[in-house]
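Notes for the structure review
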Amino acid sequence: MADAKANGLPARPLLVYHDSWYERPATGPAATTLATLPGYMNLVALSFVRPDAAYPGRLDLKGTGLQYGFSGTVLRDAIALLKQRQPDTRVLLAVGGANYANWDALNLDALVRLVQDLGADGIDLDFEPVTPGCSVRGRVRCLSDAAWLDLVARFRDAFPRPLLLTVPGWSIGAYGEGAFRDAQPRGPHTGSILNLLRSPQADAIDLVSIMAYEAGPTFDPWQAYQAYRQVWKGPLALGVQVPPSQLGGPTYTVPLAEQLARKVAQDPQGGMMLYPLLGRPPGAVGPDNPDGRLLAQALCRGLNLDGCAEALR
């Protein structure tokens, strides 16, 4: 299992997905939200990069999937400015996600050059097969298992340590076996990450996060955290989402997010994750209808990090 400190992973990770489509236009790095992030947002995943990215170099982002409203030069300089202001913050490229799924045309060479040119610290491997093909009779097996194992091995080979490799898993991805065999809800992704996390390839992963949202009203995020912990002993982050939930829950309020973070903080290798950082819910923003700024501060307080009064600008 990865040693977090040796690989530059924050001791108490708070991973935020920096949604390029919501970032404000900027003519220089200092005008971006990215360069001004508070220090408690210590892992930042730039979202999202296409697995089949076309990247000719020279910081030309047009074929990468990133949707920032400024040049690659400004993005590179914003990352550099962020690291100058917050030396302990690590910046990742989030590859994949729900909308970029052409993994068959994976262009690792382009991703390697993009990480190098932007001055990023690694990859968030966001592989989200729509139909993982899981069988939950007895020991869980999924048709997506082979792809997961192959991708983790190939990404780690292309991005050797000390570059970071983090992996988000499905809300119910660790259900279906043992004490969580009958955990609710059930769905196509039940158990979808179990075989990766107990495989030799798991040693290549520095952090696992749980997409503990869009799972419906019967889903319990704390139960999901415990299910992941039964198979993964390394750094683990529980993810919350800016409302509203499209699938009926869970709906994260400021009190709920902070309460969950306090529970997670009892785990020496526990952390939190937030998606999407720049997101805003419809209606008036407040503790019961929070934006990414309020949720990030709640997670900071729950994890007992420093500087939680500093808000996203």
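Residues numbered from 1 in each chain as written. Predicted model: local features only at pLDDT ≥ 70, side-chain atom pairs only at ≥ 80, totals over all residues. Heavy atoms only, no water.

**Focus: the overall build of the protein chain**
This is how it is decided: A run of DSSP states H or I qualifies as a helix once it reaches four residues; a run of E qualifies as a strand once it reaches two. Both are numbered from the N-terminal end. Per-residue and other accessible areas were derived by the Shrake-Rupley procedure at a 1.4 Å probe size, with only the shown protein chains allowed to occlude residues. Asp and Glu count as negative and Lys and Arg as positive, but His and the ends of the chain are not part of the count. Charge coordinates come from a single atom per side chain, which is NZ of Lys, CZ of Arg, CG of Asp or CD of Glu.
Counting its secondary structure elements, the protein chain contains seven helices and 10 strands. In terms of its C-alpha atoms, the protein chain occupies a principal-axis envelope of roughly 55 × 45 × 35 Å. For the protein chain, the accessible area works out to roughly 12300 Å², and carbon and sulfur atoms hold 52% of it. Once the 28 positive and 29 negative side-chain charges of the protein chain are each reduced to a mean point, those two points are 2 Å apart.

**Quick notes on the nonpolar core**
Selection criterion: For the purposes of this section, nonpolar cores are sets of buried Ala, Val, Leu, Ile, Met, Phe, Trp, Tyr and Cys residues that join through side-chain atoms within 4.5 Å. Working definition: with a 1.4 Å probe on protein chains only, accessible area under 20% of the residue-type maximum means buried, over 50% means exposed, and in between means partly exposed. The contact definition used throughout considers only heavy atoms, calling two residues in contact when any of these lie within 4.5 Å.
In terms of nonpolar packing, the biggest core is built from 110 residues, with Leu46, Leu75, Leu125, Phe155 and Met272 touching the most fellow members. Top element by residues in this core is helix H7 (residues 292–303). It accounts for seven residues. The contacts of Leu75, once residues within four sequence positions are left out, are Leu34, Leu46, Leu61, Leu66, Tyr68, Phe70 and Leu118.

**Remarks on the sheet that holds strand E8 (residues 207–211)**
Quick note on the threshold: In this description, strands pair whenever DSSP reports at least two bridges between them. Simply put, an axis is a line fit to the C-alpha atoms, just over the touching stretch for a helix, and the angle between two N-to-C directions goes from 0 to 180 degrees.
Read around the closed barrel, eight strands run E1-E2-E3-E4-E7-E8-E9-E10, paired in parallel fashion. The sheet shows a mean angle of 25° between the axes of neighbouring strands, direction not considered. Where strand E9 (residues 236–241) meets strand E10 (residues 270–275), six bridges bridge the pair, whose relative direction is parallel. Looking at the pairing, Gly239 lines up with Met273 of E10. Across the sheet, helix H5 (residues 221–229) lies against strand E7 (164–170), E8, E9 and E10, angled at about 155° from E9, the strand it touches most. Across the sheet, H7 is in contact with strand E1 (14–19), E9 and E10; its angle to E10 comes to roughly 175°.

**Things to note about helix H3 (residues 145–158)**
Rules: Multiply 1.5 Å by the residue count of a helix minus one, and that product is the helix's expected span.
Look at H3: 20 Å from first C-alpha to last across 14 residues, which is about the 20 Å you get at 1.5 Å a residue. Buried positions along H3 lie against strand E3 (90–96), helix H2 (108–118), strand E4 (122–126), strand E6 (141–142), E7 and helix H4 (194–197).

**Details of the confidence of the model for the protein chain**
Caution applies to low-pLDDT parts of the model: their predicted coordinates are not meant to be read in detail. How we decide: A score from 0 to 100, pLDDT tells how confident the predictor is in each residue.
Across the protein chain, the average pLDDT comes to 96, with 98% of residues at or above 70. Confidence drops under a pLDDT of 50 for residues 1–5, and excluding neighbours within four residues, the segment shows 11 contacts in the predicted structure.

**Observations regarding the state of the cysteines**
Definition in use: The disulfide criterion used throughout: a pair of cysteine sulfur atoms within 2.5 Å.
Applying the stated criterion to the full structure yields two disulfides. A sulfur-sulfur separation of 2.1 Å characterises the disulfide bridge that pairs Cys134 with Cys142. Since a negative S-S torsion denotes a left-handed disulfide, the Cys134-Cys142 link at about 105° is right-handed. A relative accessible area of 22% means that Cys134 is categorised as partly exposed. Two residues share a disulfide in this structure: Cys300 and Cys308, whose sulfurs sit 2.0 Å from each other. Given an S-S torsion of about -80°, the disulfide between Cys300 and Cys308 has left-handed geometry. Owing to a relative accessible area of 0%, Cys300 belongs among the buried residues under this scheme. With relative accessibility at 12%, the residue Cys308 sits in the buried group. By sequence-ordered numbering of the bonded cysteines, the protein chain has its disulfides arranged as 1-2, 3-4.

**Let's talk about the pairing of E3**
Our working rule: When the strands point away from the viewer and the connection leading from the first strand across the helix to the second strand turns clockwise, the crossover is called right-handed.
The buried fraction of E3 amounts to six of the seven residues, a majority that puts the element mostly inside the structure. As paired elements, strand E2 (residues 43–49) and E3 share six bridges and run parallel to each other. Counted as the bridge partner of Ser47 is Ala94 from E3. Running through helix H1 (residues 72–85), the crossover from E2 to the neighbouring parallel element E3 is right-handed. Across four bridges, the pairing between E3 and E4 is parallel. Among the inter-strand pairings, Val95 is bridged to a residue of E4, identified as Leu125. You can see the chain leave E3, run along H2 and come back into E4, and the turn it takes is right-handed.

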